[in-house]
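Structure assessment
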Amino acid sequence: MDITLLFQAIAISIFCYLGALSTPWLLGLTGGWYTITRPLVSGMIVGLILGDMKQGIIMGVAIQTVYIAMVTPGGQMPADLNFVAFPAIALAMLSNTSTEVAVTLATTIGILGTIVFNMYQVVNSFWNHRAVAAIHEGDYKKFRMNAIVGPQLINFVSRFVPSFLVIFFGSSFAKTLLDSMPQYLIDVMSYLGGVLPAIGIAMLLTAVVKENSLFLFFLLGFVCIVFLNLNMIALTIVAAVIAYLYFNGSNKSGAVSSAGVILEEDEEEEF
C-alpha cells in the first residue's frame, strides 16, 4: 500500500467535502462552494498536496475556463463542479495526462457527479420530514440531529468516499487505461479539451455582453495576447486605460444630453 498516496487521497477528499454545495463549515457557500471549489483555487490546493502546485494551477485554470459561466439556480447544476475541482484534477495529475486530456476527464467526471448530488438531495427528503416533525414536537435535540447532523453525515459520505476511491484506486487504473489507448483517441480527447474552454468563454460572453460592438474589445484582447505577445499584466493595464476612456466618454455624452434636455424644459417653462 502506498502510504503517501493514502494520505494524499484522504486530504483531497476532505477538501472535496468542505467545498461541497451543502457544506456550511467554511463560512457557508462563501469559503466553500464559491472559493475552494473554484478549479483555479482547488488546482492550487490539489497541486500543493500532490507536490506539484504549478501543474495543479495550470490544470485548474484550463478547467476553470470551461465552467466560468456556470450557475447553480436553486441548487441545480448541469455538472458537479465539486467533483471537477478535486478528484478530477487529482486523477489527471496522478495519471500524468496533458492539460487538454485533463479538461476532458474533468467534464466527464463532473457530469457523473450530478448523479451523486441528485441522490443526496433525494435522501435529504427523509431528514427534512423528520426535522419538521421535531419542530411540531418542540424537540430541539431531535431537530438538530435531523437538520444538521444527519444531512452532513450523508453529505460527507457522498463526497469523501467517491473522491477517495477515485483518487486512491482510480489513478493507477486511469494511467493504465490512457497508456493502452490508441493515439488517435488521445488526440480526440486533446482536441475536445482544447475546444471546451472556448465554449466556456463563449457562454460567458453571451451572458455579459449586451451590445455586439463590445465584442471588439474581446477581439482586441485576443490580438494583444496572440500576435503582440503581451503578458497578463500589460494586457490588464491596456484594458484599464481603454475602459476608463470608454466609460468616461459615455458619461460625458450622457451628461451633455441630460443638460440639453433640462435646458429645453426651462425654455418651455419660460415661454
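Quick note: structure is the one above.
Residues numbered from 1 in each chain as written. Predicted model: local features only at pLDDT ≥ 70, side-chain atom pairs only at ≥ 80, totals over all residues. Heavy atoms only, no water.

1. Overview of the pattern of salt bridges
Opposite charge on two side chains lets them pair, provided their charged atoms get close. Heads up, the condition is: By salt bridge we mean one thing: a side-chain nitrogen of Lys or Arg within 4 Å of a carboxyl oxygen of Asp or Glu. Strands are runs of DSSP state E lasting at least two residues, helices are runs of H or I lasting at least four, and both sets are numbered from the N terminus onward. Think of it in three bands: residues with accessible area under 20% of the maximum for their type are buried, residues over 50% are exposed, and the middle band is partly exposed, with areas taken using a 1.4 Å probe on protein chains only.
In total, this model carries two salt bridges according to the counting rule given. The closest approach of N and O atoms between Arg159 and Asp80, which form a salt bridge, is 2.9 Å. Remark: Asp80 occurs in the loop between helix 4 (53–66) and helix 5 (81–94) and Arg159 occurs in helix 7 (residues 140–180); sequence separation between them is 79 residues. Asp80 shares its class with Arg159; the two are buried. For Lys142, the salt bridge is made with Glu137, and the minimal N-O distance between the two is 3.5 Å.

2. Some remarks on the packing of aromatic side chains
As a reminder of what qualifies: Any Phe, Tyr or Trp ring, taking Trp's six-membered ring, that has another such ring centre within 6.5 Å forms a pair; planes under 30 degrees apart are called stacked, those over 60 apart edge-to-face, and the others tilted. A positively charged side chain is recorded as over a ring if its NZ (Lys) or CZ (Arg) lies within 6 Å of the ring centre. The angle to the ring normal must also be within 35 degrees.
Per the counting criterion, the structure on display carries nine aromatic pairs. Between Phe156 and Phe160, the aromatic rings sit 5.0 Å apart at their centres with planes inclined by 15°, giving stacked as the arrangement. On the criterion of helical spacing, the pair formed by Phe156 and Phe160 is a turn pair, its members being four residues apart in helix 7. By relative accessible area, which is 16% here, Phe160 ends up buried. Plain terms: the ring middles of Tyr246 and Phe247 are 5.3 Å apart, the flat faces sit at 90° to each other, and that makes the pair edge-to-face. For Phe247, a relative accessible area of 52% translates into the label exposed. Joined through ring pairs, the aromatic side chains of Tyr17, Phe156, Phe160, Phe164, Phe168 and Phe169 make up one cluster. In this structure, Arg38 packs its charged tip against the face of Trp33, placed 5.3 Å from the ring centre.

3. Let's talk about the side chain of Thr114
Formally: Pairs of residues are marked as contacts when any of their non-hydrogen atoms sit within 4.5 Å.
Counting through the fold element by element, Thr114 comes out in helix 6 (residues 99–137). When its relative accessible area of 13% is taken as the criterion, Thr114 is described as buried. Those residues within four positions of Thr114 in sequence are excluded, and the remaining contacts are Met77, Pro78, Ala79 and Asp80.

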